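Chain by chain, the residues:
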Amino acid sequence: MKVDPIGQSVGGLKAHILRRMFHLSMAFIPWIFYEYGDEIGVEWSISKERFASLVIMIIIIGEIIRLKLGFVVFGQRQYEANQVSALAWGGFSVGLVLLMFEEAKYGYPLIFSLTFIDPLLGEARRMGFDKTKVNIIGISGAAIIWIICWYLVGTPLLLAAIMAPLVVAAESPRLKWIDDNATMLLIPAAALLIISVWL
């Protein structure tokens with residue numbers, strides 16, 4: 001069954017494309033944090049962890065103000081006028097993962113799974129693929145991310161088999177009070193916290 005994320009976005013097709021591009025651009029966040037965070041921290045006299053915490057607080061305050069005023073910006077969906085936006089949930093969850101995981105071998109694949117797999121699943125549904133095909137596409141894509149991270153940053157290879165289906169499952173619930181930008185990060189992150197002590 002086809003879904004219409006374009007029709008839901010304020011701004012139509014251009015807003016939909018912007019939304020997807022913004023999602024993909026989040027891949028730069030862990031790269032900056034893990035590769036250059038300490039250098040930037042020295043330059044700005046703040047640790048990368050405190051900077052991430054500060055950004056989270058700014059996101060929360062900004063979202064409270066936006067909800068109080070009840071408006072949406074270009075690219076957001078109209079229903080987000082009255083609930084926490086996908087953008088806020090995504091920013092909050094990415095920041096939380098960076099604070100939870102000091103090691104790039106965990107932070108990279110978690111955040112990349114949200115960055116790339118969420119849009120992939122959305123576009124697969126928009127093209128009319130059935131649920132089984134959507135899940136296969138998502139799990140395959142997520143597994144590739146975790147395997148690449150095993151090769152590049154030393155992520156335990158076993159996690160590809162565990163986390164790939166979990167990432168896709170965490171995207172599935174359609175809950176009004178929390179966006180999948182949060183569930184796709186926070187559910188796998190919680191599982192990884194439990195598993196990582198055994199790795």
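Residues numbered from 1 in each chain as written. Predicted model: local features only at pLDDT ≥ 70, side-chain atom pairs only at ≥ 80, totals over all residues. Heavy atoms only, no water.

### Things to note about the overall build of the protein
Scanning the protein from N- to C-terminus turns up nine helices and zero strands. When the helices and strands of the protein are listed from N to C terminus, the series reads α-α-α-α-α-α-α-α-α. Computed over its C-alpha atoms, the radius of gyration of the protein comes to 17 Å, within 12% of the 16 Å expected for a compact globule of 199 residues. Along the three orthogonal principal directions, the C-alpha set of the protein runs to about 40 × 40 × 25 Å. Across the 199 residues that make up the protein, the buried fraction comes to 43%. At a minimum sequence separation of 6, the contacts of the protein that also span at least 24 residues come to 68%. Of the accessible surface of the protein, which amounts to about 11000 Å², a share of 70% is contributed by carbon and sulfur atoms. Taken together, the 16 basic and 16 acidic charged side chains of the protein have centroids lying 10 Å from each other. (Helix = DSSP H or I, 4+ residues; strand = E, 2+ residues; numbered from the N terminus. Rg over C-alpha atoms; globule rule 2.2 N^0.38 Å. Buried < 20%, exposed > 50% of the residue type's maximum accessible area, 1.4 Å probe, protein only. Contact = heavy atoms within 4.5 Å. Areas by Shrake-Rupley, 256 points an atom, 1.4 Å probe, with all protein chains shown as cover. Lys, Arg positive; Asp, Glu negative; His and termini not counted. Charge placed at Lys NZ, Arg CZ, Asp CG, Glu CD.)

### Thoughts on helix α4 (residues 48–69)
In this model, α4 (22 residues) spans 32 Å end to end at C-alpha, consistent with the 32 Å of a helix rising 1.5 Å per residue. Of the surrounding secondary structure, the elements contacted by the buried residues of α4 are α3 (28–44) and α5 (86–100). Positioned one or two residues after α4, G70 has a phi angle of 70 degrees, which is positive. (Expected span 1.5 Å × (residues − 1).)

### Some points on the packing of α4 against α5
One can describe the packing of α4 onto α5 by two numbers: an axis separation of 9 Å at closest approach and a directional angle of 160 degrees. The angle between α4 and α5 falls in the class roughly antiparallel. The way α4 lies across α5 gives a crossing that is left-handed. Between α4 and α5, the contacting residues are E49, A52, S53, I56, I59, I60 and E63 on the first element and A88, G91, F92, G95, L96 and L99 on the second. Per-class residue counts for the contact of α4 with α5 are eight nonpolar, three polar and two charged. (Axes fitted to C-alpha atoms, helices over the stretch in contact; angles between N-to-C directions. Parallel < 35°, antiparallel > 145°, perpendicular 65-115°, else oblique. Left-handed = near helix turned anticlockwise from the far one by under 90°. Nonpolar A, V, L, I, M, F, W, Y, C, P; charged D, E, K, R; others polar.)

### Some thoughts on the confidence of the model for the protein
Considering every residue of the protein, the mean pLDDT works out to 89; 93% of them sit at 70 or more. Put simply, helix α1 (residues 5–8) is where the protein has its lowest mean pLDDT, 54, and helix α7 (residues 131–153) is where it has its highest, 97. (pLDDT = per-residue confidence, 0-100.)

### Re the packing of α5 against helix α6 (residues 104–126)
Where α5 meets α6, the closest approach of the two axes is 10 Å, and the angle between their N-to-C directions is 170 degrees. One element, α5, and the other, α6, form an angle in the roughly antiparallel class. The segment α5 lies against α6, with V94, V97 and L98 engaging G107, L110, I111 and L114. Broken down by class, the residue content of the contact of α5 with α6 amounts to six nonpolar, one polar and no charged.

### Here we look at α7
Spanning 23 residues, α7 covers 32 Å between terminal C-alpha atoms, matching the ideal 33 Å at 1.5 Å per step. For α7, the set of buried residues is V134, G138, G141, A142, A143, I145, W146 and C149. Looking at the packing, one finds that the buried side of α7 touches α6, α8 (158–171) and α9 (180–196). Where α7 begins, one side-chain oxygen reaches toward the backbone nitrogen of T132, 3.2 Å away; that side chain belongs to D130. A positive phi of about 80 degrees marks G154, the residue just after α7. (Polar contact = N/O pair within 3.5 Å; in protein donor to acceptor, adjacent residues only side chain to side chain.)

### Quick word on the pattern of salt bridges
In the structure shown here, the tally under the stated rule is six salt bridges. A salt bridge links R126 to E123, with the shortest nitrogen-to-oxygen separation between them at 2.8 Å. Highlighted residues: R126 and E123, both in helix α6, separated by three residues, approximately one helical turn. Overall, R126 belongs to the partly exposed group, its relative accessible area being 30%. (Salt bridge = Lys/Arg side-chain N within 4 Å of Asp/Glu carboxyl O.)

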